Amino acid sequence: MPLYIGVMSGTSLDGLDIALIEQDPAIKLIATHYIPMPEPLRAELLDLCTSGPDEIARSATAQQSWVTLAAQGIHALLEQQRLAPHDIRAIGSHGQTIRHEPGRGFTVQIGNPALLTELTGITVVSDFRSRDVAAGGQGAPLVPAFHEALFDTHSGHRAVLNIGGFSNLSLIETGKPVTGFDCGPGNVLLDAWIQQQRGENFDRDGQWAANGKVAPALLSALLSDPFFLTKGPKSTGREVFNLVWLEHHLGRLPAFSAQDVQATLLELTALTIVDALKAAQPQTDTLLVCGGGAHNTTLMNRLSALLPGTRVSSTATNGVDPDWVEAMAFAWLAHCCLEGIAANRPGVTGARGLRVLGAIYPA
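In this text, all values refer to a predicted model and were calculated from it rather than measured experimentally.

Trainee: Mind showing me how you'd approach the overall build of the chain here?
Mentor: Regarding its fold elements, the chain presents 13 helices and 13 strands. Against the globule reference of 21 Å for 363 residues, the chain gives a C-alpha radius of gyration of 20 Å, in line with a compact fold. Judged by the C-alpha coordinates and their principal axes, the chain covers about 60 × 50 × 40 Å. The proportion of buried residues among the 363 residues of the chain is 53%. Long-range pairs, those at least 24 residues apart, make up 68% of the contacts in the chain between residues at least 6 apart in sequence. In the chain, 24 positive and 34 negative side-chain charges are present, and the distance between their average locations comes to 6 Å.

Shown next as structure tokens:
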């Protein structure tokens, strides 16, 4: 029974998700471990998302800290499960994205896989996005093939929605290749705005947004961004959607209360997801939601209201905790790499064909 570990830290930079899965042949989540991101490291990784002084040395130092944290979490998980490094076939490490510009032919995830191998004594598979980008793809999203493997019931029209910093959809229809794409901002603007306005890392249950009012003029301005007018394959990141982008639009309109801005940002997330889903798979009968956004009650209620003919629920209803789906995906991607299984989907990323993803650092 091959065991794999997946390590994921997403756009929110709140911490590292570490998942242990069994692949034999079905995917089974065995155990998990979470490590909060130390605030100094979080701040440095966030700063590295934009150009700055001495960024090459700073990114090298930051990834050493990231890997040290990941190794500590992996050892803690192994101890908890009474496993030794030789019991694990491989670690799938996504690393931390600091730049994603497929239009310019690159995407950058830092995470020093060589050091992670040294610190854990386990083979590491990393750098999953580069091969797809080299083949002309977006390098993202990479999870649709995993979503299909995990959630395809061979009936109906399903969609899996990951709401992390950004939102992405996987569209699963029996007898057809899985498709998917990034929809736009998920939590990234909601988190950044409440952090700036109230010093809080996120809007728990969407309560602050729920007590605000959507500003139609602001919503219309935000929805005019060219990204929302294009169809997949497409992906996005902080390079496009950030506080500077938001403040640019705010500066061109009358003043709104901070709470109304939050309500409008939540509506932006909900509408861009729903509009994209209706355009790509209008007959969707089930929408399974994972990622941090699955815990935002206000957002989940809004998605349900906008999709009256679709069952909207967390992936927990299918037996998979929404917090661990992405970490599981990178464990599975490590399995695919070692087995020589192509894990990208050209219909999702726009790559010229199927490719085996990842670089291997043997123990």
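Trainee: Would you mind showing me how to read the nonpolar core here?
Mentor: General note: in soluble globular proteins, nonpolar side chains tend to be found buried as a group. Of all hydrophobic cores here, the largest spans 44 residues; its most connected members are Leu161, Leu169, Leu246, Leu265, Leu287, Val289 and Leu303. Among the elements that line this core, the one with the most residues is helix α10 (residues 258-280), at ten residues.

Trainee: Hey, could you run me through the sheet that holds strand β12 (residues 311-314) in this one?
Mentor: In sheet architecture, strand pairing relies on hydrogen bonds along the backbone and comes in two forms, parallel and antiparallel. Taken in spatial order, the five strands make up an open sheet running β10-β9-β8-β11-β12, and their pairing is mixed. Each edge of the sheet is formed by a strand with only one pairing partner; in this case those strands are β10 (179-185) and β12. Between one strand axis and the next, the sheet turns through 20° on average, direction left out of account. In this sheet, β10 lies alongside strand β9 (residues 166-173) in antiparallel orientation, the contact comprising six bridges. The residue of β10 that forms the bridge with Ser167 is Gly184. Packed onto the sheet, helix α5 (residues 144-151) meets β8 (157-163), β9, β10 and β11 (286-290) and runs at close to 50° relative to β9. Running at roughly 160° to β12, helix α11 (residues 297-306) makes contact with β8, β11 and β12 of the sheet.

Trainee: Explain helix α3 (residues 113-120) here, please?
Mentor: Structural remark: α-helix, 3.6 residues per turn; residues separated by three or four positions point the same way. Within α3, the full set of buried residues consists of Pro113, Leu116, Thr117 and Thr120. Buried residues of α3 fall within an arc of 100° about the axis and therefore sit on the same side. Of the surrounding elements, those touching the buried residues of α3 are α2 (55-81), β4 (90-93), β7 (124-126) and β13 (359-361). Once α3 finishes, Gly121 follows within two positions and takes phi at roughly 75°, a positive value.

Trainee: What am I meant to see in the UniProt feature "binding site: ATP" (unreviewed entry) in the chain here?
Mentor: In the UniProt entry, the feature "binding site: ATP" (unreviewed entry) is given for Gly10, Thr11, Ser12, Leu13, Asp14, Gly15, Leu16 and Asp17. Here Leu13 is to be found in the loop between β1 (3-8) and β2 (15-23). On the basis of relative accessible area, Leu13 is assigned to the buried category, the value being 2%. The contact partners of Leu13, leaving out residues within four places of it in the chain, are Met37, Arg42, Leu45, Leu46, Gln96 and Arg238. Position of Leu16 among the secondary structure elements: in strand β2. Contacts of Leu16, omitting those with residues within four sequence positions, involve Val7, Met8, Ser9, His33, Tyr34, Ile35, Met37, Trp66, Leu69 and Ala70.

Trainee: What should I look at first to understand the packing of α2 against α3 in this one?
Mentor: Helix packing for two helices is described by the angle between their axes and how far apart those axes are. At a minimum axis separation of 9 Å, α2 and α3 run at an interaxial angle of 35°. The hand of the α2/α3 crossing is right-handed. Each of Gln64, Val67, Thr68, Ala70, Ala71, Ile74 and His75 in α2 lies in contact with α3, whose residues at this interface are Leu115, Leu116, Leu119 and Thr120. Of the residues in the contact of α2 with α3, the class split is seven nonpolar, four polar and no charged.

Trainee: When you look at the sheet that holds β7 in this model, what are you seeing that I'm missing?
Mentor: Pairing is mixed in the open sheet, where six strands are placed in the order β3-β2-β1-β4-β7-β13. Every other strand in the sheet has two partners, leaving β3 (27-36) and β13 as the edge strands with one partner each. Neighbour to neighbour, the strand axes of the sheet diverge by 20° on average, direction disregarded. In this sheet, β7 lies alongside β4 in parallel orientation, the contact comprising two bridges. If you follow Gly92 over to β7, its bridge partner there is Val125. In the packing of α2 onto the sheet, contacts are made with β1, β2, β3 and β4, and the angle to β3 comes to roughly 130°. The strands touched by α3 are β4, β7 and β13; relative to β7, the strand with the most contacts, the crossing angle is about 160°.

The rules we used
- Residues numbered from 1 in each chain as written.
- Predicted model: local features only at pLDDT ≥ 70, side-chain atom pairs only at ≥ 80, totals over all residues.
- Heavy atoms only, no water.
- Helix = DSSP H or I, 4+ residues; strand = E, 2+ residues; numbered from the N terminus.
- Rg over C-alpha atoms; globule rule 2.2 N^0.38 Å.
- Buried < 20%, exposed > 50% of the residue type's maximum accessible area, 1.4 Å probe, protein only.
- Contact = heavy atoms within 4.5 Å.
- Lys, Arg positive; Asp, Glu negative; His and termini not counted.
- Charge placed at Lys NZ, Arg CZ, Asp CG, Glu CD.
- Core = buried A, V, L, I, M, F, W, Y, C linked by side-chain atoms within 4.5 Å.
- Pairing = 2+ DSSP bridges.
- Axes fitted to C-alpha atoms, helices over the stretch in contact; angles between N-to-C directions.
- Arc of directions from axis to C-beta.
- UniProt positions renumbered as here; feature names shortened; annotations may be inferred.
- Left-handed = near helix turned anticlockwise from the far one by under 90°.
- Nonpolar A, V, L, I, M, F, W, Y, C, P; charged D, E, K, R; others polar.

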